[in-house]
Amino acid sequence: MPDTGHMTPLGQDESAGCGPLIQSYAAQPRPLRQQVFERVRASGLIARSEVAKDLGVSPASVTSAASELIEKGLILEVDTPRRDGDGTRGRPPVALGVRPAAGHVAGLKLSDQSHSAIICDFAGTVIAEAHLRHGILQQDAAQVIEDALRTLDDALCRAGLERRDLLAVGLGLPGIVDSDTGVSMWSPLFRERGTPLGAILTERIGCPVRIDNDANCVTLAELWFGAGRTRPDFAVVTIEHGLGMGIVINHRLYRGALGLGLEFGHTKVQLDGALCRCGQRGCLEAYVADYALVREATTALNWGNRGVQSPQILLESLYDHAKAGNQSARAIFKRAGRYLALGLANIVNLFDPALILLSGERMRYDYLYAEEVLSAMRDMTLDTDRIGPRVEIRAWGDQVWARGAAALALEAATDIALAPETT
Ligand SMILES: [Zn+2]
């Protein structure tokens, strides 16, 4: 089928300027065309009749919304192959799919170990990626921004594209992020607090940049490309330098009233407990995150003279000791696992999710999700005589986190493309 769709370049739209790019839309009813688009996006290829059935609306209203989306160049009709031996004549069945050529977006993931950038087409297929390793915490925001742009430009170069070719950019980073205003309120990556990252990058790159907590990004990746394709509700817990969480309710990422998301790592598990990076005491993160394990190791294994080594190297060393049978090292991981179990039980008691995904690079430390950890979680969950939630492990790498950021960009691009006409 000839590809004749057309989209207005979003970077030229007045609504795509540097102001608050994102409205708090979670509580607003979504227009049918947006629901149709999301259903098509989630399915890959789907017939109009199936969309109508899934959304509980009439086939005629889906046809009307689909026509509008085709006209905007966001989706297209695809002839689906007949099954062998079908024997029927005439036009093959037609499905709806996202139009890959509708535009390109970029996903950026900033972390304490490396920055990653990917370039995707509009259907979410990755066409290029780039990584920058550094391993430095608490840099000046200006330096982090330059490094992020360098990583983005590297990925663009590999894709044969330029910044002006992008419809939108999504960026995920650790810490407390106000996704509505695009402000990084606090992040272990920055020396400063309150960095208006979204506005700065929107101006530098020249297209809308949406930022979010990295746990929300990985949850979006699951929602768009993973568990969300078959489940309406699930929770994601991320274990990296800190602890994060995202929750999907009825096919939508829950961001909370202030757009800050869910700060699982800073839920309290001990009164007057260990000091957390956030400045408060007794946070779960202060018992489970890598810096907490390194702190324990410094005392228990007499590592006081290894202070110059990075937490990552110390953590690897601690894991090697535990694997080799060092009881003190094992006890440190086991204690962290018990605290994680406590946190997971609290999630179950609060949200009753059918599925919890444990995700992130640190999931290769298997002590953190050993059977005894899951068993401890079940013991601390209210006994209802029902089978508890399924827990799955996702040892995902940086690309998937960046893909979640790309999902954020796709969300931004489609929100703007589908926004009601204001003229
Ligand atoms: Zn905290």
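1. Describing the overall build of the chain
For the chain, the helix and strand inventory stands at twelve helices and 15 strands. A burial count over the chain gives 52% of its 423 residues as buried. Here the contacts in the chain between residues at least 6 apart in sequence split such that 63% fall between residues at least 24 apart. Just so you have it, the chain exposes about 19300 Å², and 51% of that area is on carbon and sulfur atoms.

2. Thoughts on the pattern of salt bridges
Evaluated as defined, the whole model comprises 22 salt bridges. Between Asp153 and Arg163 there is a salt bridge; the shortest N-O distance is 2.8 Å. Of this pair, Asp153 sits in helix α4 (residues 141–159) while Arg163 sits in the loop between α4 and β7 (166–173), and the two are ten residues apart along the sequence. Judged by its relative accessible area of 30%, Asp153 falls in the partly exposed class. The partly exposed category is assigned to Arg163, whose relative accessible area is 22%. With its nearest N and O atoms 2.5 Å apart, the salt bridge here joins Arg378 to Glu371. Linked through salt bridges whose partners overlap, the residues forming this network are Arg210, Asp212, Arg255, Glu411 and Asp415.

3. Some words on unusual backbone geometry
Non-glycine residue Asp272 carries a positive phi angle of around 50 degrees. If you trace the backbone, Asp272 turns up in the loop between β13 (252–253) and α7 (285–288). In this structure Asp272 comes out as exposed when scored by relative accessible area, which is 72%. Residues other than glycine seldom take positive phi values, yet Asp352 does so here, at roughly 55 degrees.

4. Digging into helix α8 (residues 290–300)
Residue pairs spaced three or four apart in an α-helix point in one direction, given the helix's 3.6 residues per turn. Those residues of α8 that sit buried are Asp290, Tyr291, Ala292, Leu293, Val294 and Ala297. Just downstream of α8 lies Asn302, where phi reads positive at about 55 degrees.

So, how was this worked out
Residues numbered from 1 in each chain as written. Predicted model: local features only at pLDDT ≥ 70, side-chain atom pairs only at ≥ 80, totals over all residues. Heavy atoms only, no water. Helix = DSSP H or I, 4+ residues; strand = E, 2+ residues; numbered from the N terminus. Buried < 20%, exposed > 50% of the residue type's maximum accessible area, 1.4 Å probe, protein only. Contact = heavy atoms within 4.5 Å. Areas by Shrake-Rupley, 256 points an atom, 1.4 Å probe, with all protein chains shown as cover. Salt bridge = Lys/Arg side-chain N within 4 Å of Asp/Glu carboxyl O.

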